[in-house]
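# An overview of the molecular structure
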Amino acid sequence: LKPMLPLRSGRVVVTGNRTESLRELAGEHVEVKGLVPESELDALVASARALIVFQNYGGGALTRIPDALAAGVPVLANPFAARSARHYQGVYIFH
């Protein structure tokens with residue numbers, strides 16, 4: 001996404017478990033917050049135009065996906081992250 005961002009008005013906010021390791025991606029259009037409190041995450045999702053979800057391990061369903069969809073926020077997810085939500089309208093799979 002980073003090369004596309006200067007063409008758009010907006011930014012990408014990166015948050016979640018172990019995302020602190022992505023700090024080198026930070027720049028004019030990319031903010032890396034790392035792990036944030038639930039209240040801050042809720043505010044970020046509420047103001048988002050889309051949610052990008054990437055996960056390469058774990059179990060169970062990601063409740064963030066239906067929560068975002070219920071808030072009217074479309075979700076782009078890799079196949080593993082979307083494992084239990086790929087059938088929901090508003091979920092778009094990327095590889």
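Here, the structure is the one placed above.
No experiment lies behind these values; they were computed from the predicted model shown.

### Describing unusual backbone geometry
- Here Arg18, not a glycine, exhibits a phi torsion of approximately 60°, which is positive.
- With respect to the secondary-structure elements, Arg18 resides in the loop between strand S1 (12-15) and strand S2 (30-34).

### Brief notes about the packing of aromatic side chains
- On inspection of all chains with the given rule, the structure shows 0 aromatic pairs.
- The positively charged end of Arg83 is found above the aromatic ring belonging to Phe80, 4.5 Å away from the centroid.

### Description of the pairing of S1
- By the alternation rule, side chains of S1 split into Val12 and Val14, which are all buried, and Val13 and Thr15, of which none is buried.
- In this structure, S1 lies alongside S2, joined through 4 bridges in parallel fashion. Within S2, the residue paired with Thr15 across the bridge is Gly34.

### Digging into helix H1 (residues 38-47)
- Looking at H1, one finds that the buried residues are Leu41, Leu44 and Val45. Considered in projection along H1, the buried side chains sweep an arc of 95° and stay on one side of the axis. In H1, the exposed positions angled more than 90 degrees off the buried face are occupied by Ser39, Ala46 and Ser47.
- The inward-facing, buried residues of H1 abut S1, S2, strand S3 (51-53) and helix H2 (64-70).

### Regarding the nonpolar core
- Counting 14 residues, the largest nonpolar core has Leu51, Val53, Ile65, Ala68, Val75, Ala77 and Val91 as its most contacted members.
- Those elements giving two or more residues to this core turn out to be H1, S3, H2 and strand S4 (75-77).
- Dropping the residues within four chain positions of it, Val91 is found in contact with Ile65, Leu69, Val75, Ala82, Ala85 and Arg86.

### Examining the side chain of Gln55
- With respect to the helices, strands and loops of the structure, Gln55 is situated in the loop between S3 and H2.
- For Gln55, a relative accessible area of 18% corresponds to the buried category.
- Here Tyr57 takes part through its backbone oxygen, which lies 3.1 Å from a polar atom of the side chain of Gln55.
- A polar contact of 2.8 Å, which involves the side chain of Gln55, links it to the side chain of Arg83.
- In contact with Gln55, not counting residues within four places along its chain, are Leu62, Asn78, Phe80, Ala81 and Arg83.

Conventions we followed
- Residues numbered from 1 in each chain as written.
- Predicted model: local features only at pLDDT ≥ 70, side-chain atom pairs only at ≥ 80, totals over all residues.
- Heavy atoms only, no water.
- Helix = DSSP H or I, 4+ residues; strand = E, 2+ residues; numbered from the N terminus.
- Phe/Tyr/Trp six-rings, centres within 6.5 Å; stacked < 30°, edge-to-face > 60°.
- Lys NZ or Arg CZ within 6 Å of the ring centre and 35° of its normal.
- Buried < 20%, exposed > 50% of the residue type's maximum accessible area, 1.4 Å probe, protein only.
- Pairing = 2+ DSSP bridges.
- Arc of directions from axis to C-beta.
- Contact = heavy atoms within 4.5 Å.
- Core = buried A, V, L, I, M, F, W, Y, C linked by side-chain atoms within 4.5 Å.
- Polar contact = N/O pair within 3.5 Å; in protein donor to acceptor, adjacent residues only side chain to side chain.

Shape descriptors only; they carry no functional weight alone.
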